[in-house]
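Remarks on the overall topology
So the chains spell out like this:
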Amino acid sequence: PVDHVHWFQRVGAAPCPKSPPPMVAPLVTLTLRCVKWWLKQRQIPRTKEGGLPTVAWLLMAVHVCSLPETHEQALQGCQRAMAALLASLSSFFRHYAALGCLDGILQFAADGSSSEFRRRSRADRPKGDRASDSWAEFAVLDPTREGSESLNLAPPLPPATQLLLAHELRRAGERLERVPTRCEASAGESRRILGEVFEPLPEGTNALPSFLGCAVGVLLLWGEDLKGGGARTIECGMVEHILPRPGWAAPFLHRSDDRSELHVRLCDVDERTGRCHARRNASVVVLCPCHFICRVHLEKEGRAMRLDAEGLERLKAMRCHLQTLDAEHRCDRGEAPAQAPEAPAPAAAAPALPGPSLGSTPSCGDGSGGQTR
């Protein structure tokens, strides 16, 4: 929108057409361009798919660029423009990958001179709603609208989508931390690491089609109801059939959709090797697009299959992140840490699933595990 373009120009984050172009683009402008490139290369879900709008991501970047700690890190590399840019990008990814930094309200002053992030407090959470404790509620207020016209640019993000965003932010931040600040251990090391940060994903990796020509591998968030009950975990499976909700005509399914059906055959994955196979004696489970995290590539290997390197990295990293979230929220509620099982399952076995109910139609509106057929 034109109002947003004018706002970014007014705060110095975008070039003004009436002014002569600067010899070197401002650091905040370069940071915003890199964030937009990252969104495209990593196939971050767009608004129409159930993700955050691009303007929200750019406002998030402007906020981080205005923080004193970001200025301090950028000044350390002031003699090298690329070093300052890498420091700014690292601050952006590290800031939003931290627990709780997407759980609150981001607001800018009317003139754009300052910004503030107000983290959601325990008092803001509905009493007795444990699921609300577990997941972020993010709001980015439109800086071009004030008072009664205030508008939240960020739609509600389903938990599965929050896991995907958290993984991508952490992945980029961890790689940028490895960029050498002085001498490279080997020629081209910095370029290689940057290539990993912006490594493109195949088209459609983070989108769920509304119709299938053949089965596709997916990662799914499983096992939590609206009250926060049930053991939640991340599962790998094969979507064998998709039944869009009545009236849906788009070629993709929305990430918050709790009415369309995904008929999934769950798989057990060996996290050491990536080898996986369909779970024995397991029926097809009926889930919804709101459980969908991302697609993964499964390669045929004899009678079994194997997750590709990207898919295996995502599965392991997201399971680890989910365990961290669970531990954090148990601590916040004053509960004892989860006890380790007396006899851990073999590495090739996935965590046991809560027993789904039987039925002919799904009831996914509560975000629970699903049903079998």
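Residues numbered from 1 in each chain as written. Predicted model: local features only at pLDDT ≥ 70, side-chain atom pairs only at ≥ 80, totals over all residues. Heavy atoms only, no water.

1. Some thoughts on empty space enclosed by the protein
- Counted by the stated rule, this structure contains one cavity of 30 Å³ or more.
- Computed from the structure, the largest cavity encloses a volume of approximately 40 Å³.
- Its residues assigned to classes, the lining of the largest cavity shows five nonpolar, one polar and two charged. (1 Å grid on protein atoms, 1.4 Å probe; cavity = no way out; pocket = protein on both sides within 12 Å on 5 of 7 lines; lining within 4 Å. Points joined across faces, edges and corners; volume = space filled by probe spheres on them. Nonpolar A, V, L, I, M, F, W, Y, C, P; charged D, E, K, R; others polar.)

2. A closer look at the confidence of the model for the chain
- Per-residue pLDDT for the chain averages 83, and the proportion of residues at 70 or more is 80%.
- For the chain, per-element mean pLDDT is lowest for strand β12 (residues 357-358), which scores 32, and highest for strand β9 (residues 292-296), which scores 97.
- Within the model, the stretch residues 225-229 combines pLDDT values under 50 with 12 contacts to residues more than four positions away or in other chains. (pLDDT = per-residue confidence, 0-100. Helix = DSSP H or I, 4+ residues; strand = E, 2+ residues; numbered from the N terminus. Contact = heavy atoms within 4.5 Å.)

3. Side note on the packing of helix α2 (residues 27-41) against helix α3 (residues 54-65)
- For the pair α2 and α3, the least separation of the axes is 10 Å and the interaxial angle reads 140°. Relative to α3, α2 is oriented oblique. Crossing hand, α2 versus α3: right-handed. In this structure, α2 contributes V28, T31, L32, V35, K36, W38 and L39 to the contact, and α3 contributes T54, W57, L58, A61, V62 and C65. (Axes fitted to C-alpha atoms, helices over the stretch in contact; angles between N-to-C directions. Parallel < 35°, antiparallel > 145°, perpendicular 65-115°, else oblique. Left-handed = near helix turned anticlockwise from the far one by under 90°.)

4. Let's talk about the state of the cysteines
- One pass over the structure, following the stated rule, counts zero disulfides.
- Lacking any disulfide linkage, C276 is separated from the closest cysteine sulfur, that of C236, by 5.1 Å. (Disulfide = S-S within 2.5 Å.)

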